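# Structural features, examined
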Amino acid sequence: MPFNDLLFLAQTIHRQNFHQNQVQLSRLLSIKTGGCPEDCGYCSQSAHHESGLNASKLMDVERVVSEARKARDAGATRYCMGTAWRGPKARDMDAVLAMIEGVKALGMETCMTLGMLDPDQARRLKAAGLDYYNHNIDTSERYYSEVVSTRSFADRLATLGHVREAGIKVCCGGIVGMGEEKADRIDMLVTLANLPEPPESVPINMLIPIPGTPLAKAEPIDPIAFVRLVALARILMPKSYVRLSAGRTAMSDELQALCFFAGANSIFVGDTLLTAENPGEDKDSALFSRLGIKPMELSEG
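What comes next concerns the included structure. Note that the structure is a prediction, hence the values are computed from the model and not measured.

Calculation notes
Residues numbered from 1 in each chain as written. Predicted model: local features only at pLDDT ≥ 70, side-chain atom pairs only at ≥ 80, totals over all residues. Heavy atoms only, no water. Helix = DSSP H or I, 4+ residues; strand = E, 2+ residues; numbered from the N terminus. Contact = heavy atoms within 4.5 Å. Patch = residues over 30% accessible without salt bridge, like charges linked within 9 Å, V, L, I, M, F, W, Y side chains within 5 Å. Areas by Shrake-Rupley, 256 points an atom, 1.4 Å probe, with all protein chains shown as cover. Salt bridge = Lys/Arg side-chain N within 4 Å of Asp/Glu carboxyl O. Buried < 20%, exposed > 50% of the residue type's maximum accessible area, 1.4 Å probe, protein only. Core = buried A, V, L, I, M, F, W, Y, C linked by side-chain atoms within 4.5 Å. Phe/Tyr/Trp six-rings, centres within 6.5 Å; stacked < 30°, edge-to-face > 60°. Lys NZ or Arg CZ within 6 Å of the ring centre and 35° of its normal. Axes fitted to C-alpha atoms, helices over the stretch in contact; angles between N-to-C directions. Parallel < 35°, antiparallel > 145°, perpendicular 65-115°, else oblique. Nonpolar A, V, L, I, M, F, W, Y, C, P; charged D, E, K, R; others polar. Pairing = 2+ DSSP bridges. Polar contact = N/O pair within 3.5 Å; in protein donor to acceptor, adjacent residues only side chain to side chain.

## Quick notes on the environment of Arg124
Here Arg124 lies in helix α4 (residues 119–127). For the pair Arg124 and Ile210, spaced 86 residues apart in sequence, the C-alpha to C-alpha distance is 35 Å. Apart from the residues lying within four places of it in its own chain, the contact partners of Arg124 are Met93, Asp94 and Leu97.

Set out below in C-alpha coordinates:
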(Lines give C-alpha, C1' and ligand atoms only; values in the text may rest on other atoms or scores of the structure.)
Protein backbone atom coordinates (compact mmCIF):
# COMPACT_ATOMS: atom_id res chain seq x y z
CA MET A 1 0.00 0.00 0.00
CA PRO A 2 1.10 3.60 -0.38
CA PHE A 3 2.68 4.79 2.88
CA ASN A 4 -0.05 7.32 3.69
CA ASP A 5 -2.82 4.78 3.09
CA LEU A 6 -1.11 2.23 5.31
CA LEU A 7 -0.70 4.73 8.16
CA PHE A 8 -4.27 5.96 7.80
CA LEU A 9 -5.58 2.39 8.09
CA ALA A 10 -3.33 1.65 11.08
CA GLN A 11 -4.34 4.86 12.87
CA THR A 12 -8.04 4.16 12.21
CA ILE A 13 -7.72 0.68 13.75
CA HIS A 14 -5.67 2.10 16.62
CA ARG A 15 -8.38 4.63 17.52
CA GLN A 16 -11.01 1.89 17.52
CA ASN A 17 -9.13 0.04 20.25
CA PHE A 18 -7.03 2.55 22.21
CA HIS A 19 -6.95 6.19 23.27
CA GLN A 20 -5.20 7.89 20.36
CA ASN A 21 -2.94 10.12 22.48
CA GLN A 22 -1.86 7.89 25.35
CA VAL A 23 1.28 5.80 25.61
CA GLN A 24 2.08 3.25 28.29
CA LEU A 25 5.40 3.77 30.09
CA SER A 26 7.29 0.63 31.10
CA ARG A 27 10.58 0.23 32.93
CA LEU A 28 12.97 -2.64 32.29
CA LEU A 29 15.53 -3.84 34.81
CA SER A 30 18.23 -6.44 34.23
CA ILE A 31 18.05 -8.48 37.43
CA LYS A 32 20.79 -10.90 36.30
CA THR A 33 23.23 -9.65 33.66
CA GLY A 34 25.68 -11.47 31.37
CA GLY A 35 27.07 -14.98 31.17
CA CYS A 36 24.14 -16.40 29.19
CA PRO A 37 24.83 -19.81 27.57
CA GLU A 38 22.71 -18.94 24.51
CA ASP A 39 24.49 -17.60 21.40
CA CYS A 40 21.94 -15.05 20.12
CA GLY A 41 23.85 -13.04 17.51
CA TYR A 42 22.46 -9.68 18.63
CA CYS A 43 23.08 -9.99 22.37
CA SER A 44 25.86 -8.47 24.47
CA GLN A 45 25.00 -10.81 27.35
CA SER A 46 25.94 -14.06 25.58
CA ALA A 47 28.95 -15.89 27.02
CA HIS A 48 29.84 -16.78 23.41
CA HIS A 49 30.63 -13.15 22.47
CA GLU A 50 33.48 -10.81 23.40
CA SER A 51 31.32 -7.79 24.21
CA GLY A 52 33.24 -6.83 27.34
CA LEU A 53 30.21 -7.35 29.59
CA ASN A 54 30.89 -9.02 32.94
CA ALA A 55 28.43 -11.52 34.38
CA SER A 56 26.60 -10.65 37.58
CA LYS A 57 24.61 -12.59 40.16
CA LEU A 58 20.85 -12.37 40.60
CA MET A 59 19.92 -9.11 42.32
CA ASP A 60 18.50 -9.03 45.83
CA VAL A 61 14.73 -8.98 46.06
CA GLU A 62 14.71 -5.81 48.18
CA ARG A 63 16.77 -3.89 45.64
CA VAL A 64 14.51 -4.93 42.77
CA VAL A 65 11.38 -3.82 44.65
CA SER A 66 13.08 -0.54 45.59
CA GLU A 67 13.94 0.14 41.93
CA ALA A 68 10.36 -0.69 40.94
CA ARG A 69 9.03 1.78 43.48
CA LYS A 70 11.21 4.53 41.98
CA ALA A 71 9.93 3.65 38.50
CA ARG A 72 6.31 3.79 39.65
CA ASP A 73 6.83 7.16 41.31
CA ALA A 74 8.36 8.43 38.04
CA GLY A 75 5.25 7.43 36.06
CA ALA A 76 5.86 3.85 34.92
CA THR A 77 2.83 1.57 35.18
CA ARG A 78 4.55 -1.64 34.20
CA TYR A 79 7.75 -3.18 35.51
CA CYS A 80 9.69 -5.70 33.46
CA MET A 81 12.51 -7.82 34.90
CA GLY A 82 14.99 -9.70 32.73
CA THR A 83 17.66 -12.33 33.29
CA ALA A 84 20.47 -13.58 31.07
CA TRP A 85 19.46 -17.24 31.42
CA ARG A 86 18.62 -20.12 29.14
CA GLY A 87 15.92 -20.79 31.70
CA PRO A 88 15.47 -20.39 35.47
CA LYS A 89 17.14 -22.86 37.82
CA ALA A 90 15.28 -24.32 40.80
CA ARG A 91 17.50 -22.48 43.27
CA ASP A 92 16.52 -19.09 41.82
CA MET A 93 12.76 -19.53 41.62
CA ASP A 94 11.91 -18.46 45.19
CA ALA A 95 13.72 -15.14 44.74
CA VAL A 96 12.06 -14.56 41.36
CA LEU A 97 8.62 -15.25 42.82
CA ALA A 98 9.30 -12.86 45.72
CA MET A 99 10.25 -10.14 43.21
CA ILE A 100 6.95 -10.59 41.39
CA GLU A 101 4.98 -10.42 44.64
CA GLY A 102 6.88 -7.32 45.77
CA VAL A 103 6.39 -5.40 42.52
CA LYS A 104 2.74 -6.49 42.29
CA ALA A 105 2.17 -5.09 45.79
CA LEU A 106 3.19 -1.66 44.46
CA GLY A 107 0.16 -1.71 42.15
CA MET A 108 2.21 -2.13 38.96
CA GLU A 109 1.82 -4.61 36.13
CA THR A 110 4.54 -7.24 36.34
CA CYS A 111 6.50 -8.72 33.46
CA MET A 112 9.44 -11.13 33.42
CA THR A 113 11.74 -12.58 30.80
CA LEU A 114 13.66 -15.57 32.16
CA GLY A 115 14.30 -17.65 29.05
CA MET A 116 12.59 -20.96 28.40
CA LEU A 117 10.02 -22.27 30.89
CA ASP A 118 8.49 -25.65 31.64
CA PRO A 119 4.78 -25.93 32.56
CA ASP A 120 5.41 -26.08 36.32
CA GLN A 121 7.57 -22.95 36.28
CA ALA A 122 4.90 -21.09 34.34
CA ARG A 123 2.23 -22.11 36.86
CA ARG A 124 4.39 -20.93 39.78
CA LEU A 125 4.96 -17.55 38.12
CA LYS A 126 1.21 -17.17 37.62
CA ALA A 127 0.50 -18.06 41.26
CA ALA A 128 2.95 -15.33 42.36
CA GLY A 129 0.94 -12.76 40.40
CA LEU A 130 2.90 -12.41 37.15
CA ASP A 131 0.85 -10.49 34.58
CA TYR A 132 3.05 -10.80 31.46
CA TYR A 133 5.85 -13.07 30.31
CA ASN A 134 8.20 -11.81 27.60
CA HIS A 135 9.65 -14.37 25.19
CA ASN A 136 10.40 -12.96 21.75
CA ILE A 137 10.46 -15.12 18.63
CA ASP A 138 13.06 -12.61 17.31
CA THR A 139 12.48 -13.14 13.57
CA SER A 140 10.85 -15.50 11.07
CA GLU A 141 11.13 -19.26 11.40
CA ARG A 142 13.12 -19.31 8.14
CA TYR A 143 15.77 -16.86 9.34
CA TYR A 144 15.88 -17.90 13.00
CA SER A 145 18.82 -20.32 12.67
CA GLU A 146 20.90 -17.52 11.13
CA VAL A 147 20.68 -15.64 14.42
CA VAL A 148 20.57 -18.36 17.12
CA SER A 149 21.92 -21.94 17.12
CA THR A 150 21.56 -22.96 20.77
CA ARG A 151 17.77 -23.25 20.64
CA SER A 152 15.12 -23.62 17.97
CA PHE A 153 12.16 -21.59 16.82
CA ALA A 154 9.97 -24.46 18.08
CA ASP A 155 11.54 -24.07 21.55
CA ARG A 156 10.32 -20.47 21.61
CA LEU A 157 6.79 -21.45 20.63
CA ALA A 158 6.74 -24.22 23.26
CA THR A 159 7.48 -21.74 26.06
CA LEU A 160 4.79 -19.40 24.74
CA GLY A 161 2.37 -22.32 24.94
CA HIS A 162 3.29 -23.04 28.56
CA VAL A 163 2.82 -19.37 29.44
CA ARG A 164 -0.63 -19.29 27.83
CA GLU A 165 -1.72 -22.52 29.51
CA ALA A 166 -0.75 -21.06 32.89
CA GLY A 167 -3.00 -18.04 32.27
CA ILE A 168 -0.22 -15.46 31.93
CA LYS A 169 -0.45 -12.77 29.26
CA VAL A 170 2.11 -13.00 26.48
CA CYS A 171 4.62 -10.31 25.53
CA CYS A 172 6.26 -11.41 22.29
CA GLY A 173 7.80 -9.59 19.36
CA GLY A 174 11.07 -9.46 17.51
CA ILE A 175 14.11 -7.59 16.29
CA VAL A 176 14.59 -6.07 12.86
CA GLY A 177 17.77 -4.96 11.13
CA MET A 178 19.58 -8.29 11.64
CA GLY A 179 20.14 -8.90 7.94
CA GLU A 180 16.74 -10.49 7.41
CA GLU A 181 14.63 -9.93 4.30
CA LYS A 182 11.39 -7.95 4.22
CA ALA A 183 9.46 -11.22 3.95
CA ASP A 184 11.03 -12.40 7.23
CA ARG A 185 9.72 -9.34 9.07
CA ILE A 186 6.25 -9.91 7.70
CA ASP A 187 6.38 -13.63 8.51
CA MET A 188 7.37 -12.81 12.09
CA LEU A 189 4.26 -10.67 12.57
CA VAL A 190 2.03 -13.18 10.77
CA THR A 191 3.29 -15.92 13.11
CA LEU A 192 2.40 -13.80 16.14
CA ALA A 193 -1.01 -12.82 14.79
CA ASN A 194 -1.85 -16.46 14.08
CA LEU A 195 -0.98 -17.87 17.50
CA PRO A 196 -4.08 -19.35 19.24
CA GLU A 197 -4.27 -15.92 20.92
CA PRO A 198 -2.14 -13.02 19.66
CA PRO A 199 0.28 -11.59 22.23
CA GLU A 200 -1.25 -8.85 24.38
CA SER A 201 2.07 -7.00 24.03
CA VAL A 202 4.22 -6.89 20.89
CA PRO A 203 7.69 -5.30 21.26
CA ILE A 204 9.23 -4.13 17.99
CA ASN A 205 12.98 -3.78 18.45
CA MET A 206 15.41 -2.06 16.10
CA LEU A 207 18.77 -3.81 16.34
CA ILE A 208 21.38 -2.01 18.42
CA PRO A 209 24.66 -3.20 16.86
CA ILE A 210 26.94 -4.07 19.78
CA PRO A 211 30.71 -4.45 19.28
CA GLY A 212 31.88 -8.00 19.87
CA THR A 213 28.63 -9.60 18.69
CA PRO A 214 28.18 -11.33 15.30
CA LEU A 215 25.71 -8.63 14.22
CA ALA A 216 27.94 -5.68 15.13
CA LYS A 217 28.19 -4.60 11.49
CA ALA A 218 24.60 -5.31 10.39
CA GLU A 219 23.09 -2.79 7.97
CA PRO A 220 20.44 -0.65 9.69
CA ILE A 221 16.82 -1.00 8.60
CA ASP A 222 15.34 1.78 6.47
CA PRO A 223 13.28 4.08 8.76
CA ILE A 224 10.23 4.06 6.47
CA ALA A 225 10.31 0.25 6.38
CA PHE A 226 10.41 0.29 10.18
CA VAL A 227 7.31 2.50 10.40
CA ARG A 228 5.54 0.20 7.93
CA LEU A 229 6.30 -2.73 10.23
CA VAL A 230 4.81 -0.94 13.24
CA ALA A 231 1.70 -0.17 11.19
CA LEU A 232 1.41 -3.79 10.07
CA ALA A 233 1.69 -4.96 13.69
CA ARG A 234 -1.17 -2.65 14.63
CA ILE A 235 -3.34 -3.82 11.72
CA LEU A 236 -2.70 -7.54 12.34
CA MET A 237 -3.08 -7.29 16.15
CA PRO A 238 -5.60 -4.50 16.77
CA LYS A 239 -5.99 -5.00 20.53
CA SER A 240 -2.31 -5.59 21.40
CA TYR A 241 0.01 -3.03 22.87
CA VAL A 242 2.66 -2.36 20.23
CA ARG A 243 5.83 -1.43 22.06
CA LEU A 244 8.52 0.75 20.53
CA SER A 245 11.44 -0.97 22.24
CA ALA A 246 15.19 -1.21 21.62
CA GLY A 247 16.85 1.19 19.22
CA ARG A 248 15.07 4.41 20.15
CA THR A 249 18.38 6.17 20.76
CA ALA A 250 19.03 5.87 17.01
CA MET A 251 15.56 7.16 16.09
CA SER A 252 14.84 10.80 15.36
CA ASP A 253 11.89 12.47 17.07
CA GLU A 254 10.16 12.48 13.69
CA LEU A 255 10.60 8.73 13.26
CA GLN A 256 9.21 8.06 16.72
CA ALA A 257 6.27 10.37 16.01
CA LEU A 258 5.47 8.39 12.86
CA CYS A 259 5.65 5.16 14.86
CA PHE A 260 3.13 6.51 17.37
CA PHE A 261 0.86 7.53 14.49
CA ALA A 262 1.26 4.03 13.04
CA GLY A 263 -0.06 2.53 16.27
CA ALA A 264 2.84 2.16 18.71
CA ASN A 265 1.46 2.88 22.17
CA SER A 266 4.06 1.69 24.65
CA ILE A 267 7.71 2.51 25.27
CA PHE A 268 10.43 1.65 27.75
CA VAL A 269 11.61 4.61 29.80
CA GLY A 270 14.85 5.07 31.74
CA ASP A 271 18.45 5.59 30.74
CA THR A 272 19.19 1.91 30.02
CA LEU A 273 17.43 -0.99 28.35
CA LEU A 274 19.00 -4.08 29.94
CA THR A 275 22.59 -3.23 28.94
CA ALA A 276 22.03 -0.76 26.08
CA GLU A 277 21.42 2.98 26.15
CA ASN A 278 17.87 4.32 26.07
CA PRO A 279 16.65 7.91 25.67
CA GLY A 280 16.54 9.76 28.99
CA GLU A 281 13.17 10.49 30.58
CA ASP A 282 13.61 14.23 30.04
CA LYS A 283 13.91 13.65 26.29
CA ASP A 284 10.83 11.41 26.24
CA SER A 285 8.85 13.93 28.29
CA ALA A 286 9.80 16.73 25.90
CA LEU A 287 8.79 14.66 22.88
CA PHE A 288 5.45 13.73 24.46
CA SER A 289 4.80 17.41 25.17
CA ARG A 290 5.52 18.37 21.55
CA LEU A 291 3.19 15.63 20.28
CA GLY A 292 0.40 16.14 22.81
CA ILE A 293 0.83 12.57 24.09
CA LYS A 294 0.13 11.74 27.73
CA PRO A 295 1.49 8.81 29.72
CA MET A 296 -1.10 6.18 30.50
CA GLU A 297 -2.27 6.29 34.12
CA LEU A 298 -1.70 3.31 36.43
CA SER A 299 -5.41 2.44 36.52
CA GLU A 300 -5.58 2.46 32.72
CA GLY A 301 -2.71 0.03 32.09
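## Side note on a nonpolar patch on the surface
Together, Ile186, Val190 and Leu236 line one region of the surface with nonpolar side chains, adding up to about 190 Å² of accessible area. Within the secondary structure, Leu236 sits in helix α8 (residues 223–236). When its relative accessible area of 31% is taken as the criterion, Leu236 is described as partly exposed.

## A closer look at the nonpolar core
Within the largest apolar cluster, 83 residues are counted, with the highest numbers of intra-cluster contacts made by Met112, Leu125 and Phe226. Residues contacting Met112, with those up to four places away along its chain left out, are Ile31, Met81, Val96, Met99, Ile100, Leu130, Tyr132, Tyr133 and Asn134. Counting six residues, the second largest nonpolar core, distinct from the first, contains Leu28, Cys111, Tyr132 and Cys171.

## Let's talk about the pattern of salt bridges
Under the criterion given, the structure shown has 12 salt bridges. Among the salt bridges present, the one from Arg86 reaches Glu38, with a minimum N-O distance of 3.1 Å. A residue pair is termed long-range when its members are at least 10 positions apart, and Arg86 in the loop between β2 (78–83) and α3 (90–104) and Glu38 in the loop between β1 (22–32) and α2 (61–73) qualify at 48 residues. Since its relative accessible area comes to 2%, Glu38 is described here as buried. Where Asp253 meets Arg290, a salt bridge forms, and the shortest distance between an N and an O atom there is 2.6 Å. Note that Asp253 is positioned in helix α9 (residues 253–261) and Arg290 in helix α10 (residues 281–291), a separation of 37 residues in sequence. Given the relative accessible area of 60%, Arg290 is considered exposed. Taken together, the shared-partner salt bridges in this structure form one network comprising Glu38, Arg86, Asp138 and Arg151.

## Regarding the packing of aromatic side chains
Going through the model one piece at a time under the given rule, you end up with three aromatic pairs. A ring pair is formed by Tyr144 and Phe153, whose centres lie 5.6 Å apart and whose planes are at 75 degrees; its orientation type is edge-to-face. Of the two residues, Tyr144 and Phe153, neither departs from the other in class, the shared state being buried. Consider the rings of Phe260 and Phe288, whose centres lie 6.0 Å apart with planes at 85 degrees: the pair is edge-to-face. Placement of Phe260 in helix α9 and of Phe288 in helix α10 is noted, with a sequence separation of 28 residues between them. The ring of Tyr132 is capped by Arg78, whose NZ or CZ atom sits 3.7 Å from the centre of that ring. In this structure, Arg243 packs its charged tip against the face of Phe268, placed 5.2 Å from the ring centre.

## A word on the packing of helix α1 (residues 3–17) against α9
Put simply, α1 and α9 touch, their axes get as near as 8 Å, and they point 55 degrees apart. It follows that α1 is oblique to α9 by the angle criterion. The segment α1 lies against α9, with Phe3, Leu7 and Gln11 engaging Leu258, Phe260 and Phe261. Its residues assigned to classes, the contact of α1 with α9 comprises five nonpolar, one polar and no charged.

## Things to note about the pairing of β1
Most of β1 is tucked away: 11 of the 11 residues are buried. Relative to strand β12 (residues 294–295), β1 runs parallel, the two sharing two bridges. What sits directly across from Val23, in β12, is Pro295. By the bridge criterion, four bridges tie β1 to strand β9 (residues 266–269) in an arrangement that is parallel. The residue bridging Ser26 from the neighbouring strand is Phe268, located in β9.

## Re the side chain of Arg151
Relative to the assigned elements, Arg151 resides in the loop between α5 (141–147) and α6 (153–165). Among the residues examined, Arg151 registers a relative accessible area of 10% and is labelled buried. At 3.3 Å, the side chain of Arg151 and the side chain of Glu38 are in polar contact. Discounting residues that sit within four places of it in the chain, Arg151 has contacts with Glu38, Cys40, Tyr42, Arg86, Met116, Asp138, Tyr144 and Arg156.

## What to know about unusual backbone geometry
In the Ramachandran plot, Asp138 falls in the positive-phi region, its phi being about 75 degrees despite a non-glycine side chain. Structurally, the position occupied by Asp138 is in the loop between β4 (132–134) and α5.

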